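Here's the letter readout for the chains.
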Amino acid sequence: MAFTFDRPPGSSTFRILTVCTGNICRSPLAEQYLRAGLAAAGVSNVVVESAGTMAQDGQAMPRQALDLARRYGVADAEAHGARYLFEGHVAGADLVFGMGRDHRRAIVSLFPRSSRYAFTLREFARLAQGMTTDDLADAASLDAGDVAGRLRSAVAAVAARRGLVAPPAEVVDDDIVDPYKLDDSVFAESGRQLVPAADVVVKLLVAAARVRVDDKAAI
């Protein structure tokens, strides 16, 4: 039976979902890294989860993925268990990151309305680069206590930049390389692509949570 998640309109919880194929390498690292970054910045009411388009429920991260997670400061990677992606995961999220364009296609195929809030992780970072507090004016207009509403507004602001921001030099530049069953150098490259993009996401969401109407600055 498919998982369903009933998120009431205007929920005070902002939900992020990261997706790859097996949910044992890229998407758990993105999940764990984003969660840690947002928590360290004091952004509350955010839940970060992950799933895989071909995941085997409960499967652990392989040694190389665990080593990579530790290298980037993730403390609880051993507790991860893979889970298969269902429509309800996507429907219940406010922001969904595919690790590659194939994952985003699968996400939107499951729940077409997610096209408004589904990105590849590197695509989102590319679109968010260069944004200023002026781009977060709608978020700034919301009550400071409405963190989830502010973050949803920030996602909409990033989505609105599609077609306005230059595309990547190569389409694969919006993907994170899949390191599964490859050597350590590919895992390292995967981390070098994933972590800077995740840093941009954290920076933008933190800015949206804190922005004030009179702020005038680059993010």
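Residues numbered from 1 in each chain as written. Predicted model: local features only at pLDDT ≥ 70, side-chain atom pairs only at ≥ 80, totals over all residues. Heavy atoms only, no water.

Looking at an unreviewed UniProt entry, one finds the protein chain named protein-tyrosine-phosphatase and attributed to Frigoribacterium faeni. What UniProt records for the protein chain under Sequence similarities (unreviewed entry) is the sentence "Belongs to the low molecular weight phosphotyrosine protein phosphatase family." (UniProt positions renumbered as here; feature names shortened; annotations may be inferred.)

### Structural notes on the pattern of salt bridges
Across all of its chains, the model carries 15 salt bridges by this definition. Here Arg-83 makes a salt bridge to Glu-49, at a shortest N to O gap of 3.6 Å. In this pair, Arg-83 is assigned in the loop between helix H2 (63–71) and helix H3 (87–91) and Glu-49 in strand E2 (residues 46–52), connecting sequence segments 34 residues apart. Put simply, Arg-192 and Glu-189 hold a salt bridge, and the shortest N to O gap is 2.9 Å. Placement of the pair is Arg-192 and Glu-189 together in helix H8 (residues 184–210), with a separation of three residues, close to one helical turn. The exposure class assigned to Arg-192 is partly exposed, which follows from its relative accessible area of 48%. What emerges from the salt-bridge pattern is a single network uniting Arg-63, Asp-67, Arg-70, Glu-78 and Asp-184. (Salt bridge = Lys/Arg side-chain N within 4 Å of Asp/Glu carboxyl O. Helix = DSSP H or I, 4+ residues; strand = E, 2+ residues; numbered from the N terminus. Buried < 20%, exposed > 50% of the residue type's maximum accessible area, 1.4 Å probe, protein only.)

### Regarding the packing of H2 against H8
Direction vectors running N to C along H2 and H8 enclose 40°, while the axes themselves pass 10 Å from each other. Relative to H8, H2 is oriented oblique. Every pair of crossing elements has a handedness; the one defined by H2 and H8 is right-handed. The residues of H8 that touch H2, namely those facing Arg-63, Gln-64, Ala-65, Leu-68 and Arg-71, are Asp-184, Phe-187, Ala-188 and Gly-191. (Axes fitted to C-alpha atoms, helices over the stretch in contact; angles between N-to-C directions. Parallel < 35°, antiparallel > 145°, perpendicular 65-115°, else oblique. Left-handed = near helix turned anticlockwise from the far one by under 90°. Contact = heavy atoms within 4.5 Å.)

### Structural notes on the sheet that holds strand E4 (residues 118–120)
Strand order across the open sheet formed by four strands is E2-E1-E3-E4, with parallel pairing between neighbours. The open sheet has two free edges, formed respectively by E2 and E4, since each of these has just one partner strand. Each neighbouring strand pair of the sheet contributes to a mean axis angle of 25°, computed without reference to strand direction. Relative to strand E3 (residues 95–98), strand E1 (residues 14–20) runs parallel, the two being bridged by four bridges. (Pairing = 2+ DSSP bridges.)

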